[in-house]
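One-letter residues, chain by chain:
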Protein chains: 2
Amino acid sequence: MPEAFEQDYPLQQLKQVTKSLNSGQFVQVRRMLAKTAPCDTALLLESSPHKIRRLLWQLVDPDVQGDVLEELSEDVRLGIIAQMEPEHIAAATEDMGHDDLGEVLRSLPDTVYKDVVSAMDIQDRERATQALSYQERSAGALMNTDTVTIRPDVTLDVVLRYIRLRGELPEGTDDLYVVDKHNCFLGALSLSTLLTNPPEKIVLDLMDEDCESIPISMDESEVAQLFERHNWISAPVVDDNAHLLGRVTIDDIVDVIREDAEHSLLSLAGLDDEEDTFAPVLKSSKKRSVWLGVNLLTALAAAFVASFFEGTLDVLPILAVLNGIVPSMGGVAGSQSLTLVIRGIAVGHINQTNQRFLMMKELAIGALNGILWSLLIAGVIALWQWDFMLGGVLAFAMFMNLVVAGVAGASIPIILKKMNIDPALAGSVVLTTVTDIVGIFAFLGTATWLLV
Amino acid sequence: MPEAFEQDYPLQQLKQVTKSLNSGQFVQVRRMLAKTAPCDTALLLESSPHKIRRLLWQLVDPDVQGDVLEELSEDVRLGIIAQMEPEHIAAATEDMGHDDLGEVLRSLPDTVYKDVVSAMDIQDRERATQALSYQERSAGALMNTDTVTIRPDVTLDVVLRYIRLRGELPEGTDDLYVVDKHNCFLGALSLSTLLTNPPEKIVLDLMDEDCESIPISMDESEVAQLFERHNWISAPVVDDNAHLLGRVTIDDIVDVIREDAEHSLLSLAGLDDEEDTFAPVLKSSKKRSVWLGVNLLTALAAAFVASFFEGTLDVLPILAVLNGIVPSMGGVAGSQSLTLVIRGIAVGHINQTNQRFLMMKELAIGALNGILWSLLIAGVIALWQWDFMLGGVLAFAMFMNLVVAGVAGASIPIILKKMNIDPALAGSVVLTTVTDIVGIFAFLGTATWLLV
C-alpha cells in the first residue's frame, strides 16, 4: 500500500547530503541521488549554497541531468549550465521539451551556443532552430509540440484503436485535437467524451467546436490568465491561419503564474531576476548594488532639498528631529497604493475604464488616513514639545504628503506602464522620490513660513 | 472554425457595461451577461468599482450566480455575499464544489450562517457540515469529493464499460483511483494507461502503486509545492487510515499558488487580505490605517532617538540635512534581504541546514555594498561640503547600517517564522525600526563624538 506523503522529504535529505559532501563521501551521495526523483533533486540543488550545489551537480547521473535541468528554476539552471561543457549541455537537452530547450539555448552566450549546437545531431539541431524561432515569453516559446491529433470524420472506435496503437499519451493530455487535412485546428475531443460515448459515434458530432485556441504570439502572462480563468489543463496553439502548432500545458502555466507573481514581489525590492536565494555573494552583490545606487541618488536629492532649509534647521533643531516622520508616512501610504495597482495590472483588472475611479479612490483613502494621522500626530507633538503651532505644521505636511502619496502610488504604475517601463521595477524609486521631496518641502517649507 | 482567442475580451466589455449601467439600460446588460461565461462575468465584477459591481451582480442570472461566485477571488466574493439574502446564498451554493462551499460558509457571520443553513434541504445541509469539518487551509478544505473509483481485480474492459455507463467524468480527471472494498486507496490508473493497454489486462497489473496520496491535514501551501514539483493534475486525499476521501485538482492549486505569492507581495506593503482593488474607500482605509499607525510609531521612535542629538543638530545643521541618507540606504538593503528570505521560506528553500550560510551571505553582501557606497558617499560629501571628516562619518555610518541591514533582513523573517508570526506581515516594520534606529545612532552618534 502506498504511504501518505512524507512532509518536507527532500529538505530532510539536505542535512545528510551536506554532511556527506563535507566529509568527502561522494559515492554515498551519488547512490542517494540515483534514488531521488528529478524534481526532488532539483529542490535539493535550489536549497543548497552554491558551492555544495556545484559538487552535488557533478554527482547527478548524466542520464537524468536533462530531467533535473527541466525542473530547476531559471536562475539556478543558468548558473549550472554556465559550468557545463558544451557536449554535456547538448546531451542534457536531447530529451527536453520544446519550451525548456528554447529557454536553455536562449540563455547561452553566443560562443557556447555555437559549440552546443555543433555537438548536436541533425535532428536535434532542427529542433533547436525551431525552438528558437518563437519570441521569448510568447505562447510559441511556452508550447510543446507533442499533440495527439485526429480527423473529424472517423468514429470513436477508430480513435480508440489509433490511441492503443500509438501507445502512452503525452503528459497532461486531456484533449485530443481535431484537425483537417491541412492541419487546421477544428476543435477538441476530450478524453472524457471519448470514454463516455458510444464507439460508433463520429468525432465531428462530439467534438467541442468552441474550444478556444491560443495565437502563437500571445504573451505568456495573458495565456496564464486565460488558463486561470477557464481552469484549463491544456490548450491548443495555432498560427495566424489556424494551423495547429502545439499545445500549452498547465504545468508550464503554473511556472508562469509563480514567476509573474514573484516578479512584482522581487522587483519592488529591486531584486529583479534574483530568484536564486543561494547565489554566490559577488553575483548577488552586483545585482543589488544597482538598486542601492539609484536609492542613493534619491536620498541625495532629498538631502539637497533639505539643504535649502539649512537656515531654518539652524534656528529650530527640533525640525531636524521630526523631519523623518512625514516622508516615512508618505512612503508607506504610497507603497500601499503602488503595490495594489501593480498587482491589479498584473492580474488584468485595471484598464482605461476603471483607472479614473481608482485614482479617486486612492485620493480619498489618502485624505481619510491623512486626517486621522494628522490629528493624532498634532496631538502627540503638541504634548511632547508643548508646541501647538509645531504640531499643526507637522499635521498639515503629513496630510498633504498622504494625499500626494495616494495619487502618486496609483498613477505612477499606470503612467510607467503606458511608457512601456516595468512598473514593478521602476515604480518604487519614482514614488519614494516624490514622497520624500514633497514630504520635506511640505514640512520644512511650511515651518520656514510659519515658525521662523 | 473556432476563432483564435480575442485578447482582453472581457475588459473591452467593461466600458460598454459601465456606460449602459450609467444610462440605466439594465435589460441590455442583463442580456449581455446571459451570453457571458461565468469566468468572464467574474473578471468583469472584479474589475468594476464596487457600486457598479453591486448593480452588475443584481443583473446576473440567479441560476449561474453559484458558478460566478466560484470563480471570484475571495475578497470580492465575500463582499458580494455580504449583500445577498440567506435564501439566495443557499441556492447559489447548491451546485458548488465541496471546497468553495466550505470557503463561502466559513466567511459568513454566525447569524447569517444559521439562516443560510436553514434555507438548505437536508442533503445540502449534510454537505455543508462535511465541508466545514476540515481545517481551513488544509488539504481537506481544498479537496473535492468527486473521485471516480475502481476495484483492482477487474479488467480494463470492465472499467471502460463502467465509465461509459457512469457518463461524463468530473473536470480535471486524469487518474481513476483504485480502492479495496474498505475504500482504502491502493493506487491510480491513469486515463492514458486505460486507453493505451489491451482491454483484457487487469487493473492491478497496470495501476501506479507508487502514486503518492495527500494526508487530509496537510497544509495547502505544502500541497501546492508538491503539485508544482511533480507536475500533478490531480492527487488523491486520504485519512490517517489510508481511506480515500477525495481529490485535489490543479485549478484549486493554481489559486493557492497565486494567493501565496501575492500574500508576500501584499503583506510586505501592509495590505494583508486586501486583494480587492476596487473595494469601497472606507473598507480600504480601515485596512490600511493599521499599517500606517504602526509605521507612525516606528517613525516617532526614530524621531525620539534623533532627539537625543538635538544639541549636536543645533551646532551642525548640515547633519540634519544628511540625516535621512543612512536610514534610507539601510532600509533598501534590508528590504532586499528580507524579501529574498521571505520568498525562500514561501517556496520551501530555507531550512536549518542552510540558514547559517544565508546569514553569512547576506552579511557579506552588506559589507561589500557597504564598502562601495560608503566610499562613494564620502567622496560626494567631501566635494559638496568640502568636509572630509563629515564624509568619513557618513561613510562609516552607512557601512555599519548596510551590514546590520543585511543580517537583520535575513534573520528577522527566520526568527518571526520560529515565533509563528507571519514574516511577510511583520517583517518590514521590525526591519525598518532596526535600520532607522541603527542608522540614526550610527550617524548622529559618530558625528557627536568626532565632529562636535
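Values in this document were obtained by computation on a predicted structure and should not be read as measured data.

Residues and elements named next belong to chain A. Together, E74, E136, D255, E259 and D273 line one region of the surface with negative charge. In this structure, D273 sits in the loop between α16 (250-268) and α17 (281-307). The class for D273 is exposed, based on a relative accessible area of 53%.

In this complex, chain A contributes 133 residues to the contact, which on the side of chain B involves 133 residues. In total, chain A and chain B occlude about 12,400 Å² of area from one another, counting both sides; carbon and sulfur atoms represent 66% of this. Linking chain A with chain B are eight salt bridges. When the shortest N-O distance is used, the salt bridge between E262 of chain B and R343 of chain A registers 2.9 Å. The element contributing the most residues to the side of chain A that touches chain B is α17 of chain A, with 17 residues. Of the residues belonging to the side of chain A that touches chain B, the class tally is 74 nonpolar, 33 polar and 26 charged.

In this section: the environment of I163 of chain B. Structurally, I163 of chain B is set in helix α12 (residues 156-166). Through-space distance from the C-alpha of I163 of chain B to that of S48 of chain B is 43 Å; in sequence the pair is 115 residues apart. Sequence-distant contacts of I163 of chain B, defined by excluding residues within four places in its chain, comprise L195 and T196 of chain A together with L169, L176 and L194 of chain B.

This part is about the domain arrangement of chain A. Split by domain assignment, chain A resolves into domain 1 (9-138), domain 2 (149-249) and domain 3 (281-450). Taking only C-alpha atoms into account, the centre of domain 1 of chain A sits 45 Å from that of domain 3 of chain A.

The next point concerns the UniProt feature "domain: CBS" (unreviewed entry) in chain A. All names here are of chain A. Taken from the UniProt record, the annotation "domain: CBS" (unreviewed entry) applies to residues 143-206 and 207-265. End C-alpha atoms of residues 143-206 are separated by 26 Å, and the span's content is 33% helix alongside 20% strand. With 46% helix and 22% strand, residues 207-265 has end C-alpha atoms that lie 42 Å from one another.

Another point: the packing of helix α3 (residues 38-46) of chain A against helix α4 (residues 50-58) of chain A. All names here are of chain A. For the pair α3 and α4, the least separation of the axes is 9 Å and the interaxial angle reads 150°. Classed by the angle they form, the pair α3 and α4 counts as roughly antiparallel. Counted together, L44, L45 and E46 of α3 and R53, L56 and W57 of α4 form the full contact between these two elements. Grouping the amino acids of the contact of α3 with α4 by side-chain chemistry returns four nonpolar, no polar and two charged.

Okay, the environment of D40 of chain B next. Among the structural elements, D40 of chain B can be located in helix α3 (residues 38-46). Along the backbone, D40 of chain B and Q13 of chain B are 27 residues apart, and their C-alpha atoms lie at a distance of 9.9 Å.

All names here are of chain A. Taken across its 11 residues, helix α15 (residues 220-230) has 10 buried, putting it largely inside the fold. Taken residue by residue, α15 has E220, S221, V223, A224, Q225, L226, F227, E228, R229 and H230 as its buried positions. For α15, the N-terminal capping position is held by D219, with its side-chain oxygen 2.9 Å away from the main-chain nitrogen of S221. Just beyond α15, the residue with positive phi is N231, at close to 55°.

We now examine the sheet that holds strand β5 (residues 234-238) of chain B. Residues and elements named next belong to chain B. Sheet architecture is open: three strands sit in the order β4-β5-β6, paired in mixed fashion. At either end of the open sheet lies a strand with only one pairing partner, and these are β4 (214-215) and β6 (244-249). In the sheet, β5 pairs with β6 via five bridges, with the strands oriented antiparallel. When the sheet's bridge partners are listed, A235 is paired in β6 with V248. Relative to β6, helix α15 (residues 220-230) is tilted by about 65°, and along the sheet it contacts β4, β5 and β6.

Here we take up helix α16 (residues 250-268) of chain B. Residue and element names in this part refer to chain B. Here α16 contains 19 residues, and its C-alpha end-to-end distance of 27 Å stays within 8% of the 27 Å for a straight helix at 1.5 Å per residue. Within α16, 15 of the 19 residues are buried, which leaves the element mostly enclosed by the surrounding structure. Downstream of α16 by one or two residues, G270 has phi in the positive range, about 75°.

Turning our eyes to something else, we now look at the sheet that holds strand β6 (residues 244-249) of chain A. Residues and elements named next belong to chain A. Taken together, the three strands give an open sheet; going across it, the order is β4-β5-β6, and neighbouring strands pair in mixed fashion. Each edge of the open sheet carries a strand with a single partner, namely β4 (214-215) and β6. With respect to the sheet, α15 is in contact with β4, β5 (234-238) and β6, its orientation differing from that of β6 by roughly 65°.

Under the fitted operation, chain A is carried onto chain B by 0.0 Å of movement along the axis and a turn of 180°, and the coordinates agree to an RMSD of 0.1 Å. The two molecules are tied by a two-fold rotation axis, judged by turn and shift. A high fraction, 99%, of the interface residues of chain A reappear at the interface in chain B, so the copies pair face to face through one surface.

Side chains of F304, F308 and F441 of chain A together with L376, V380 and W384 of chain B sit close together on the surface and give an oily, nonpolar patch of about 550 Å² of accessible area. In this structure W384 of chain B comes out as partly exposed when scored by relative accessible area, which is 32%.

Next up on the list: the packing of aromatic side chains. Across all of its chains, the model carries 14 aromatic pairs over all chains by this definition. Here the aromatic cluster, defined as three or more aromatic residues joined through ring pairs, consists of F304 and F308 of chain A together with W384 of chain B.

Tracing the backbone through its elements, the reader meets T339 of chain B in helix α20 (residues 325-346). Take T339 of chain B: its relative accessible area is 4%, and that puts it in the buried class. If we skip the residues at most four places from it in the chain, T339 of chain B touches L265, L266, A269 and L271 of chain A together with L268 of chain B.

A few words now on the pattern of salt bridges. All names here are of chain B. Counting across every chain of the model gives 28 salt bridges over all chains. K287 is the salt-bridge partner of D75, the closest N and O atoms lying 3.6 Å from each other. Here D75 is found in helix α6 (residues 74-81), whereas its partner K287 is found in helix α17 (residues 281-307), with 212 residues between them in sequence. With a relative accessible area of 11%, D75 lands in the buried category. Among the residues examined, K287 registers a relative accessible area of 29% and is labelled partly exposed.

One broad trend across soluble globular proteins is that nonpolar side chains are buried collectively. Residues L322, I325, I377 and F443 of chain A together with L322, I325 and F443 of chain B are the most contacted members of the largest nonpolar core, which totals 78 residues. The contact partners of L322 of chain B, leaving out residues within four places of it in the chain, are A303 of chain A together with I381, W384, L390, L394 and F443 of chain B. Counting residues in hydrophobic clusters, the runner-up holds 42 residues, among them M143 and V254 of chain A together with I214 and V223 of chain B.

Residue and element names in this part refer to chain A. Judged by how many residues are buried, β5 sits mostly within the fold: five of five residues are covered. Burial of β5 is two-sided: the residues S234, P236 and V238 facing one way and the residues A235 and V237 facing the other way are all buried. Relative to β5, β4 runs parallel, the two being bridged by two bridges. Pairing of P215 across the sheet is with V238, part of β5. Between β5 and β6, which pair antiparallel in sequence order, lie five residues; one of them, A242, sits at a positive phi of approximately 65°.

It is worth spelling out the UniProt feature "transmembrane region" (unreviewed entry) in chain A at this point. Residues and elements named next belong to chain A. Using the residue numbers shown here, the UniProt feature "transmembrane region" (unreviewed entry) corresponds to residues 290-309, 315-342, 363-386, 392-416 and 428-451. Along residues 392-416 one finds 100% helix and 0% strand; the C-alpha atoms at either end are 35 Å apart. The annotated region residues 428-451 carries 96% helix and 0% strand content, and the separation between its end C-alpha atoms amounts to 33 Å.

Criteria and thresholds
Residues numbered from 1 in each chain as written. Chains lettered and ligands numbered in written order. Predicted model: local features only at pLDDT ≥ 70, side-chain atom pairs only at ≥ 80, totals over all residues. Heavy atoms only, no water. Patch = residues over 30% accessible without salt bridge, like charges linked within 9 Å, V, L, I, M, F, W, Y side chains within 5 Å. Areas by Shrake-Rupley, 256 points an atom, 1.4 Å probe, with all protein chains shown as cover. Salt bridge = Lys/Arg side-chain N within 4 Å of Asp/Glu carboxyl O. Lys, Arg positive; Asp, Glu negative; His and termini not counted. Charge placed at Lys NZ, Arg CZ, Asp CG, Glu CD. Helix = DSSP H or I, 4+ residues; strand = E, 2+ residues; numbered from the N terminus. Buried < 20%, exposed > 50% of the residue type's maximum accessible area, 1.4 Å probe, protein only. Contact = heavy atoms within 4.5 Å. Buried area = accessible area lost by both parts, 1.4 Å probe. Nonpolar A, V, L, I, M, F, W, Y, C, P; charged D, E, K, R; others polar. Domains from an automatic or database assignment. UniProt positions renumbered as here; feature names shortened; annotations may be inferred. Axes fitted to C-alpha atoms, helices over the stretch in contact; angles between N-to-C directions. Parallel < 35°, antiparallel > 145°, perpendicular 65-115°, else oblique. Polar contact = N/O pair within 3.5 Å; in protein donor to acceptor, adjacent residues only side chain to side chain. Pairing = 2+ DSSP bridges. Expected span 1.5 Å × (residues − 1). Least-squares fit on C-alpha atoms with pLDDT ≥ 70 in both. Phe/Tyr/Trp six-rings, centres within 6.5 Å; stacked < 30°, edge-to-face > 60°. Core = buried A, V, L, I, M, F, W, Y, C linked by side-chain atoms within 4.5 Å.

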